[in-house]
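Spelled out from the first residue to the last, the chains are:
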Amino acid sequence: MNTANTDRRVEEVLLARAASDGDGVQLKRVFGGNNLERFDPFLMLDEFGSDKAADYIGGFPSHPHRGFETVTYMLEGLMEHRDHMGNVGLLQPGDVQWMKAGSGVIHSEMPKQEEGHMRGFQLWVNLPAAEKMTPATYNDIAADRIPGYTVAGAQIKAIAGELAINGTPVKGVVTGLSTDPGYLDIALTDDSELHVSVPENYTALVYIYEGNLTIGSGGFPLSKGHLARLSRGDKLVLKGSADTRVLVITGKPIGEPIVHYGPFVMNSPEQIHQAINDYNAGTLVASTSA
Ligand code: MN
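Residues numbered from 1 in each chain as written. Predicted model: local features only at pLDDT ≥ 70, side-chain atom pairs only at ≥ 80, totals over all residues. Heavy atoms only, no water.

Novice: An account of the coordination of the manganese ion is needed here, citing residue identities and associated values.
Specialist: Around the manganese ion, the protein contributes the donor atoms His63 (NE2), His65 (NE2), His107 (NE2) and Glu109 (OE), at 2.1 to 2.5 Å from the metal centre. Mapped onto the polypeptide sequence, the residues donating to the manganese ion form the spacing pattern H-x1-H-x41-H-x1-E. Here the residue His65 occupies a position in strand S5 (residues 60-65), and His107 occupies one in strand S10 (residues 105-111), the gap between them amounting to 42 residues. On the accessibility criterion, His107 (0% relative accessible area) is buried. (Donors = N, O, S within 2.8 Å, 3.2 Å for Na, K, Ca; no water. Helix = DSSP H or I, 4+ residues; strand = E, 2+ residues; numbered from the N terminus. Buried < 20%, exposed > 50% of the residue type's maximum accessible area, 1.4 Å probe, protein only.)

Novice: Any chance you could break down the pattern of salt bridges for me, citing the residues and the numbers?
Specialist: Opposite charge on two side chains permits them to pair, given that their charged atoms come into close proximity. For the structure on display, the rule yields 14 salt bridges. Between Glu11 and Arg229 there is a salt bridge, and its shortest N-O distance comes to 3.1 Å. Of this pair, Glu11 sits in strand S1 (residues 10-15) while Arg229 sits in strand S22 (residues 226-230), and the two are 218 residues apart along the sequence. You can call Arg229 buried: its relative accessible area is 12%. For Lys28, the salt bridge goes to Glu47, with nearest N and O atoms at 3.8 Å. In this pair, Lys28 sits in strand S3 (residues 25-31) while Glu47 sits in strand S4 (residues 42-50), placing the two residues 19 residues apart along the sequence. The class of Glu47 is buried, set by a relative accessible area of 4%. Among the charged side chains, a network of salt bridges with common partners joins Lys28, Glu47, Arg119, Glu210 and Lys224. (Salt bridge = Lys/Arg side-chain N within 4 Å of Asp/Glu carboxyl O.)

Novice: Quick one: what's the story with the nonpolar core, residue by residue and with numbers?
Specialist: If you look at the biggest cluster of nonpolar residues, it comprises 33 residues, and the most contacted ones within it are Phe121, Tyr183 and Tyr207. Once residues lying within four places of it in the same chain are set aside, the contact partners of Tyr183 are Val71, Tyr73, Phe121, Leu123, Lys157, Ala158, Ile159, Ala160, Leu247, Val248 and Ile249. (Core = buried A, V, L, I, M, F, W, Y, C linked by side-chain atoms within 4.5 Å. Contact = heavy atoms within 4.5 Å.)

Novice: Account for the packing of aromatic side chains, naming residues and giving values.
Specialist: Inspection of every chain in the model, using the stated rule, returns six aromatic pairs. A centroid spacing of 6.2 Å and a plane angle of 80° characterise the contact between Tyr73 and Tyr183, whose relative ring orientation is edge-to-face. You can see Tyr73 sitting in strand S6 (residues 68-76) and its partner Tyr183 sitting in strand S17 (residues 182-188), a full 110 residues away along the chain. This pair shows no difference in class: Tyr73 is buried, exactly as Tyr183 is. When the centroid spacing of 6.2 Å and the interplanar angle of 80° are considered together, the rings of Phe121 and Tyr207 count as edge-to-face. One end of the pair, Phe121, is in strand S11 (residues 118-126); the other, Tyr207, is in strand S19 (residues 203-210), with 86 residues separating them in the sequence. (Phe/Tyr/Trp six-rings, centres within 6.5 Å; stacked < 30°, edge-to-face > 60°.)

Novice: Describe the side chain of Arg29, listing the residues and the values that go with them.
Specialist: Along the chain, the position of Arg29 falls in strand S3. Side chain to side chain, Arg29 and Asp21 meet in a polar contact 3.1 Å long. Looking at Arg29, its side chain comes within polar contact range of the side chain of Asp46, at 2.7 Å. (Polar contact = N/O pair within 3.5 Å; in protein donor to acceptor, adjacent residues only side chain to side chain.)

Novice: Let's hear about the side chain of Asn267: which residues, and what values?
Specialist: Looking at the secondary structure, you find Asn267 in the loop between strand S26 (264-266) and helix H2 (269-281). Taking the relative accessible area as the measure of exposure, Asn267 reaches 15% and is therefore buried. Here Pro257 takes part through its backbone oxygen, which lies 2.9 Å from a polar atom of the side chain of Asn267. Once residues lying within four places of it in the same chain are set aside, the contact partners of Asn267 are Ala129, Lys132, Glu256, Pro257 and Val259.

Structure, rendered in structure tokens:
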């Protein structure tokens, strides 16, 4: 299908819903679960955020992952990561942690505060079969390393990818991955239209986490807490106001079977059984000191 010069329309709207994960952490699951092919190469987006310590204090004690990448983006608060490779990272406001679980990681993600506001996002990005069993890597990206761009009507933090907004090239910290993820945090500063250039066959998702937004030349309206999954096309038009903040997430679909079970995302049930057996046998990673 030729989708050049085609406006990306809103194909599906999801309302982030309350969920609990880790040790009783109250969060909002924006998407995830079953029928993930339509989000390919993405698997899940969570928003965590509360000013009540009881909602986050339990954190995410030691747990495994295999077969994909986790991307944590902090807006407010402090979170400490420890993993079996010996990495210790303190995530502060504006920081990003990009972790490739690959063949296996065991880590903990724990709040480093006992009160006050905590807010952020965790995105799961799938890996193609050829990379699922590659060694784990960990990339701690301090806020001051994340490029900021100002265009008419918006301020942009470019976490990943190479896109263009209103003709201005926007390049994130993380590039060169096989799924070519784009991950932008956009704060609108007025009601100017933003035109985001995304390769026409890529998946594109927009999550509104503050304010209101319209999408497409038809002006489909969305409010805080909603995710729009967009049709294919090469034109993405966003319009909001000075209090609107959105995540724009884009990526190249992998097109392989997705079998998701808890913290493991593989291509077949047999590979999931293997991951569970490896974890139980203590061989998911070389060392399990996290
Ligand atoms: Mn984790």
